[in-house]
Amino acid sequence: MTSKEAATYLSGPVGFEVSTKFLRGLRYVSRGPVVEKRGSRLVYRKSTLDAFLRENGTDPTAWYAGMWREVADQLRAIADSAGDDGFNPLIETLEKRDPRDDWDPDDAK
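Nothing here was measured: the structure is a model prediction, and the numbers come from that model. (Residues numbered from 1 in each chain as written. Predicted model: local features only at pLDDT ≥ 70, side-chain atom pairs only at ≥ 80, totals over all residues. Heavy atoms only, no water.)

For the protein, the count of helices and strands is 6 helices and 2 strands. Reading the helices (α) and strands (β) of the protein from amino to carboxyl end gives α-α-β-β-α-α-α-α. Taken across its 109 residues, the protein has 28% of its residues classed as buried. Total accessible area computed for the protein in this model is approximately 7200 Å², and 50% of it derives from carbon and sulfur atoms. (Helix = DSSP H or I, 4+ residues; strand = E, 2+ residues; numbered from the N terminus. Buried < 20%, exposed > 50% of the residue type's maximum accessible area, 1.4 Å probe, protein only. Areas by Shrake-Rupley, 256 points an atom, 1.4 Å probe, with all protein chains shown as cover.)

So, in structure tokens, the structure goes:
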């Protein structure tokens, strides 16, 4: 199914509209449902959307939990290898956006 159809499909269990823009954003940060390439298009399968909901629950905030921490870790690795600590304020800001370490991803199920 297309991104628009997938967003509509996910909107049902979530209880409000999930936009295609939000779904695309999840894919860009590797937090969204698995997509398949068919020709020049990316498509979603119903089975992968169902698996995504089973694994991540119906709370969209849980879908992107951990994202900022991963970005901060990547920036930290770049800064360490380059010997540049100019990213430190940004890294600290990004780390504050995610739940603390005691957050359990199994709670999202």
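Attention now goes to helix α3 (residues 46–56). Among all positions in α3, only T48, L49, F52, L53 and N56 are buried. For α3, the buried positions fall inside an angular range of 140° around the axis, keeping them on one side. Exposed positions of α3 whose direction lies more than 90 degrees from the buried face are R54 and E55. Packed against the buried residues of α3 are α1 (3–14) and α4 (60–63). Downstream of α3 by a residue or two, G57 has a phi angle that is positive, lying close to 80°. (Arc of directions from axis to C-beta. Contact = heavy atoms within 4.5 Å.)

Turning next to the pattern of salt bridges. Summed over the entire model, instances satisfying the criterion amount to 5 salt bridges. In this structure, the salt-bridge partner of E70 is R31, at a minimum N-O distance of 2.8 Å. Of this pair, E70 sits in helix α5 (residues 67–82) while R31 is found in the loop between α2 (20–28) and β1 (36–38), placing the two residues 39 residues apart along the sequence. Between E36 and R45 there is a salt bridge whose closest N-O contact spans 2.7 Å. On the basis of relative accessible area, E36 is assigned to the partly exposed category, the value being 25%. Owing to a relative accessible area of 41%, R45 belongs among the partly exposed residues under this scheme. Shared partners join several salt bridges into a network, and the residues in it are E36, R38 and R45. (Salt bridge = Lys/Arg side-chain N within 4 Å of Asp/Glu carboxyl O.)

For any pair of aromatic rings, the description rests on two quantities: the centre-to-centre distance and the angle between the ring planes. Across all of its chains, the model carries 2 aromatic pairs by this definition. Arranged with centres 6.2 Å apart and planes meeting at 35°, the rings of F22 and W63 form a pair that is tilted. A residue pair is termed long-range when its members are at least 10 positions apart, and F22 in helix α2 and W63 in helix α4 qualify at 41 residues. On the accessibility criterion, F22 (28% relative accessible area) is partly exposed. An aromatic cluster is built from F22, F52 and W63, whose rings are joined through pairwise contacts. (Phe/Tyr/Trp six-rings, centres within 6.5 Å; stacked < 30°, edge-to-face > 60°.)

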